[in-house]
Amino acid sequence: MKTVYKNIKQLIGAYEAPTGLLEGKAMADAPAIGNAFLIVDGDTVEKFGPMDKLADSDMLDAAVEDLSGQFVFPAFADSHTHIVYAGSREQEYEDKIRGLSYVEIAQRGGGILNSADLLRRTTENDLYEMAMERLARCVEGGTGAIEIKSGYGLSTESELKMLRVIRRMKETAPIAVRSNFLAAHAFPREYADDHDAYVSLIVDEMLPEVAKEGLSDFVDVFCDDGFFTVPQTEKILAAAAKYGIRPKIHANELALSGGIQLGVRYNALSVDHLEHTGDDEIAALKGSGTVATVLPGAAFFLGMPYAPARKMIDCGLPVALASDYNPGSSPSASMKFVLSLASIKMKLSPVEAVNAATVNGAHAMGLGASHGQIAPGWKANFIITKPMPSLAYFSYAYTENLIEKVVVNK
Ligand code: NIG
Ligand code: FE
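Residues numbered from 1 in each chain as written. Chains lettered and ligands numbered in written order. Predicted model: local features only at pLDDT ≥ 70, side-chain atom pairs only at ≥ 80, totals over all residues. Heavy atoms only, no water.

1. Quick word on the layout of surface pockets
Its volume calculated, the largest pocket comes out at about 390 Å³. If you go around the largest pocket, you meet 19 residues; those closest to its centre are Ala 106, Gln 107, Leu 113, Gly 226 and Phe 227. Taken together, the residues of the lining of the largest pocket sort by class into 11 nonpolar, six polar and two charged. Within this model, the second largest pocket holds a volume of roughly 200 Å³. Lining the second largest pocket are Glu 140, Gly 141, Ser 334, Met 335, Lys 336, Phe 337, Tyr 398, Thr 399, Glu 400, Asn 401, Leu 402 and Ile 403. In terms of residues, the lining of the second largest pocket owes the most to one element, helix 12 (residues 335–344), which gives three residues. Across the lining of the second largest pocket, the residue classes break down as five nonpolar, four polar and three charged. (1 Å grid on protein atoms, 1.4 Å probe; cavity = no way out; pocket = protein on both sides within 12 Å on 5 of 7 lines; lining within 4 Å. Points joined across faces, edges and corners; volume = space filled by probe spheres on them. Nonpolar A, V, L, I, M, F, W, Y, C, P; charged D, E, K, R; others polar. Helix = DSSP H or I, 4+ residues; strand = E, 2+ residues; numbered from the N terminus.)

What follows is the structure, encoded as structure tokens:
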């Protein structure tokens, strides 16, 4: 079955020849066709162009949708989420309102450990149901590919349980799913006095099992002040490298932790968060191929400084945007709001923000050759907006629901 979308006010991010990762100045532009058509055959993009190139024969036996006044652009590639969790944490939200910081909450045994307690008591099936419900909210919000991390199990049994939930989601979700093994998210209570022993458990017991079952596409570590040190992180990345598992790590959220440099040294696909990034970190990232993924939703929710994404782009780096959807620091599926924050708080232009959330987000999870762009022969994954005056309006009207329909295929 063919569908012809016609009279599209602007078709954005449609490439005859798909682009690679967008770095620095290249993020400033996206292909845009005014008064455009787009033809989808079954689940695949067939062709697109300006309306004067649409032939009557193209519309033979096709469903035709008139998108006058509306925009079409690629579905978001949300390359950093933690949507497998057992319950929300609004108690901590209230604690934060009363003045406690994220780190203080964690030091009191709350935060990630709170989520771990609950997750360990929750069945695999219940976790799956809850996570699929969240994934549906992500798709409604325009997400067409997603990376999901473990990291609320913090024991061999519960980390594997999380990864099996993600594996099931890969099979059943309507969008592409990538998995990331994040046992090194926090030190579980059992190892409060012997952090190195927990690192050994990850390396000697969990990783071999994860590799044997092929349960994860990537490995992650929360490499930061008060969490995993650079030597501990290195031990995990080196062990994962032996299995050919590439890192995508949490780095420099809380301090100039050295995580960025370590990630680059281990050929990380991305380093994520980056609120604390100085000139040395930018120099390390430059030309490395490691994507700088920023998560403004977490900085917003925690009231922390935003990553210097404007400076990163000005220095020529490839920047990606992701939601960090999780119960502790970013309880939101909305990539649209992430775009608004990127422009309002980080000074990315609306087009840079779209590129960061589509083309570069897909590259940041190894899906750059199939997602984040509209291209002939690629699966159709795109957003149809409601009528609006300009692309900038999409993130400018930051509480308005401007998504009319999300077309996803995998
Ligand atoms: O990306 N920074 C570490 N991990 C998550 C938060 C996890 C949580 O608080 O539950 C993040 O922000
Ligand atoms: Fe995260």
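2. Quick look at the UniProt feature "binding site: 4-imidazolone-5-propanoate" (unreviewed entry) in the chain
The positions UniProt marks with the feature "binding site: 4-imidazolone-5-propanoate" (unreviewed entry) are Arg 89, Tyr 152, His 185, Glu 253 and Ser 329. When the annotated set is filtered for residues lining the largest cavity, what remains is Tyr 152, His 185, Glu 253 and Ser 329. Structurally, Arg 89 is set in the loop between strand 6 (76–81) and helix 1 (90–97). Discounting chain neighbours no more than four positions away, the residues touching Arg 89 are Gly 111, Ile 112, Asn 114, Ser 115, Tyr 152, Pro 327 and Gly 328. Residue Ser 329 is classed as buried on the basis of its relative accessible area, which comes to 4%. (UniProt positions renumbered as here; feature names shortened; annotations may be inferred. Contact = heavy atoms within 4.5 Å. Buried < 20%, exposed > 50% of the residue type's maximum accessible area, 1.4 Å probe, protein only.)

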